[in-house]
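Okay, here's what each chain looks like letter by letter:
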Amino acid sequence: MNSASLVLTLPVVIPLATAILTLALREHRAAQRTASVTGWTGLLGVAIWLLIEVQDAGAIAVQLGGWPAPYGITFVADRLSALMVLVSAAMGLAVGLYSLAGLSPEREHHGHHTLFHVLLMGVNGSFLTGDLFNLYVWFEVMLIASFVLVTLGGRRGQLEGGLKYMTLNLLGSMIFLASVGFLYSQTGTLNMAHLHVVLDESGGGTLLLTISVLLLIAFGIKAAVFPLFMWLPTSYHTPPTAVSAIFAGLLTKVGVYALIRAFTLIFTFDVGWTHSLLLWLAGLTMASGVLGAMVQGSVRRILSFHIVSQIGYMVMGLALYTLAGLAGAVFYIIHHIVVKTNLFLIGGLIARVCGSAELSRVGGLIRKRPLLAGLFLIPGLSLAGIPPLSGFWAKFAVIKASLEVDAWVIAAVALAVGLWTLFSMMKIWSEAFWKPDPEDERCVPVPMDLASRVLGYGPVIALALVTIAIGLYPAWLADHAAASAVQLLEPDDYLRAVLGEALR
Amino acid sequence: MRSLILQVMTRGLTPLLLLFSVYLLLRGHNSPGGGFAGGLIASSVLVLFALVFGVQETRKALRVSPLSLLVSGLAIAVLSGLVGWFEGGDFLQAWWYGREVEIIHHFGTPLLFDLGVYLTVLGAMLTMVLTLIEEA
């Protein structure tokens, strides 16, 4: 076995093997949990290894089953994929550990761990595959796992949220599948690197432009881009915290990743048209998300709308289609995954302390739980883009990139949305933490035992430290994001890894 | 279903059809058939058995729970992929052993993978259908 084959396949095989193991151990709760933790840790280890390998080689690929590209399915990792796998593995571990303290035993018995690992497998598969149809398969893996995770437990709200989630995402999958078929009929290949080569030679055309817009719709539904985002805020607040945290961190970002891949590697024949469409969508996504958040009254609903508005910034970086813009988008994705996952976990802790996350029913937490209040401020202010936290650098990078190409309007929108984000975060802050609670009736803290305190606060503290570390020392991530952007704009490494020298 | 004709027919047909499903499984990697088709036929036979003799009888006849079938099927499929690594190739790469025989053609990891698919399909179908019959 060679190391490239191992390191590219293990991010899918480890979650799959863990999922099988947890299913086999469903009658033994402790053993199931041990297997789960081992799986999360192992995945993180492999993800770090993958990043090191990719940093040395630029891009690595493996032809699954030994069938060469473009006929077989290729797994390929460039810097962006490796970074995405690493950050999703880290979120898997953090949210996984958090979930051990808050889940009901029935939920664990009915396959929560198995589905969680299947979800991670789907996410990693999407980041690593080099084949468009295979990407569709990984999307379906994610969709099936996440649908059951949303509805597991079968409460009324969960089923309602799950149904909306399922319907709109299935619609997205259908459009995705149809456009994959159209694309295949036009180009005769679905290997993304090969598509790049073929379209480079043949150029675009109206039909291919139509296909690119169809794929934009399909990925746009997954990424929750305006006007296709309504499934997200109606479903993300229904399942347990651990589930909505991993959804919030990873699922929409897989859609953004697919958008970035499609519109840097495949559909670059009419950048003036496709990418200005993307820029419009980015601005509208930012604005509609942040305005939607203003009228919401519960922590998780506010945060859900903010996912939508933040997606706008990432799409904006892609739409600018410059080195600085793409680097900003990559930086933004990584920052956002860490911060948003953390905010959902903190929302869960508020609910765990007070028994509710409705802002009208909590209050005075700054005196009752000062540590939680401090922990909220770090990702909360980072999301709004206050220096020196990670969000400041992320916003700075995309807005600076937009000013470089004289895109004044989108820069102004981005700045204004940042301000409104700060407003939302301050609303949570003042309602949940700052607001005095004179009658002491709204929120009576429930005492937690030591184990659940460690498992609950540990991941939150770790993610907050990551946010601070990125904020104080942004150079590492910025360098990596810039190197990813170079690879996205000039995909020579990617093409060489997938196709070898012969086909280029 | 208390029908004498159906009961006698099912008793006779069950082993034959199960044999046919195994036949499809064994030839599937080289000819029409395969683990998925075989698994579906096997599960439809056992669903017929359950409709005629009841869910309890079927579970007793199966000896193992459908979910365990599913788990072992998935595990076998993953293991068949690992063989490629240990033989020095890529994950899921096909490796063949021994010489050609009737029906099966060649022994190799694709057959092992098909066996995994067969058990997974059988386990999943039975888990769903038996639960539905029980609840009806």
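All values reported here derive from a predicted model rather than from experimental measurement.

A. Structural context of the overall build of chain A. Along its length, chain A carries 21 helices and two strands. Relative to the compact-globule value of 23 Å for 504 residues, chain A shows a C-alpha radius of gyration of 22 Å, a close match. Scored against the burial criterion, the 504 residues of chain A give a buried share of 62%. Taking the intrachain contacts of chain A between residues at least 6 apart in sequence as the baseline, contacts between residues at least 24 apart amount to 81%.

B. Representation of the interface of chain A and chain B in the model. Each partner contributes to the interface: chain A provides 17 residues, whereas chain B provides 18 residues. Buried surface at the junction of chain A and chain B, both sides included, amounts to about 1300 Å², of which 74% is carbon and sulfur. Viewed at the interface, chain B and chain A are joined by zero salt bridges. Put simply, chain A and chain B have three residue pairs in polar contact (both at pLDDT 80 or more) between them. Breaking the side of chain A that touches chain B down by element, the ones donating at least two residues are α1 (3-24) and β1 (60-63) of chain A. Considering every element that reaches the side of chain A that touches chain B, the biggest residue donor is α1 of chain A, with nine residues. Of the residues in the side of chain A that touches chain B, the class split is ten nonpolar, six polar and one charged.

C. The nonpolar core, seen in detail. The biggest cluster of nonpolar side chains holds 184 residues, and the ones touching the most others in it are Leu50, Leu132 and Phe176 of chain A. Residues contacting leucine 132 of chain A, with those up to four places away along its chain left out, are Phe176, Val180, Leu183, Leu190, Met192, Leu195, Leu215 and Ile266 of chain A. Counting 14 residues, the second-largest nonpolar core is a separate cluster that includes Leu25, Val55, Tyr118 and Leu130 of chain B.

D. How the structure looks around the packing of aromatic side chains. All names here are of chain A. By the definition in use, this model includes 26 aromatic pairs over all chains. Measuring from ring centre to ring centre gives 5.5 Å for phenylalanine 139 and phenylalanine 176, while their planes differ by 65 degrees; the resulting arrangement is edge-to-face. Residue phenylalanine 139 is found in helix α6 (residues 132-151), and its partner phenylalanine 176 is found in helix α7 (residues 156-187); the two are separated by 37 residues along the sequence. Take phenylalanine 139: its relative accessible area is 2%, and that puts it in the buried class. Aromatic side chains tyrosine 313 and tyrosine 332 sit 5.0 Å apart centroid to centroid with 10 degrees between the ring planes, which places their arrangement in the stacked category.

E. Looking closely at helix α5 (residues 112-128) of chain A. Given a rise of 1.5 Å per residue, 17 residues ought to cover 24 Å, and the 24 Å separating the end C-alpha atoms of α5 of chain A matches this to within 8%. Most of α5 of chain A is tucked away, with 16 of its 17 residues classed as buried.

F. Summary view of the pattern of salt bridges. Residues and elements named next belong to chain A. One pass over the full model with this rule turns up eight salt bridges over all chains. Glutamate 160 is the partner of lysine 164 in a salt bridge, and the nearest nitrogen-oxygen pair spans 3.0 Å. Of the two residues, lysine 164 and glutamate 160 both sit in helix α7, four residues apart, roughly one turn of that helix. A relative accessible area of 33% places lysine 164 in the partly exposed class. On the basis of relative accessibility, which here comes to 45%, the residue glutamate 160 falls in the partly exposed class. In the salt-bridge network here, residues are joined through shared partners; they are Arg29, Arg33 and Glu108.

G. Fine view of the packing of α6 of chain A against helix α11 (residues 241-266) of chain A. Residue and element names in this part refer to chain A. Direction vectors running N to C along α6 and α11 enclose 165 degrees, while the axes themselves pass 12 Å from each other. On the basis of the axis angle, α6 is roughly antiparallel to α11. Both α6 and α11 take part in a crossing whose hand is left-handed. Residues Leu132, Leu135, Phe139, Met142, Ser146, Leu149 and Val150 of α6 pack against Val243, Phe247, Leu251, Val254, Ala258 and Ile266 of α11. Counted by class, the contact of α6 with α11 contains twelve nonpolar, one polar and no charged residues.

About the thresholds
- Residues numbered from 1 in each chain as written.
- Chains lettered and ligands numbered in written order.
- Predicted model: local features only at pLDDT ≥ 70, side-chain atom pairs only at ≥ 80, totals over all residues.
- Heavy atoms only, no water.
- Helix = DSSP H or I, 4+ residues; strand = E, 2+ residues; numbered from the N terminus.
- Rg over C-alpha atoms; globule rule 2.2 N^0.38 Å.
- Buried < 20%, exposed > 50% of the residue type's maximum accessible area, 1.4 Å probe, protein only.
- Contact = heavy atoms within 4.5 Å.
- Buried area = accessible area lost by both parts, 1.4 Å probe.
- Salt bridge = Lys/Arg side-chain N within 4 Å of Asp/Glu carboxyl O.
- Polar contact = N/O pair within 3.5 Å; in protein donor to acceptor, adjacent residues only side chain to side chain.
- Nonpolar A, V, L, I, M, F, W, Y, C, P; charged D, E, K, R; others polar.
- Core = buried A, V, L, I, M, F, W, Y, C linked by side-chain atoms within 4.5 Å.
- Phe/Tyr/Trp six-rings, centres within 6.5 Å; stacked < 30°, edge-to-face > 60°.
- Expected span 1.5 Å × (residues − 1).
- Axes fitted to C-alpha atoms, helices over the stretch in contact; angles between N-to-C directions.
- Parallel < 35°, antiparallel > 145°, perpendicular 65-115°, else oblique.
- Left-handed = near helix turned anticlockwise from the far one by under 90°.

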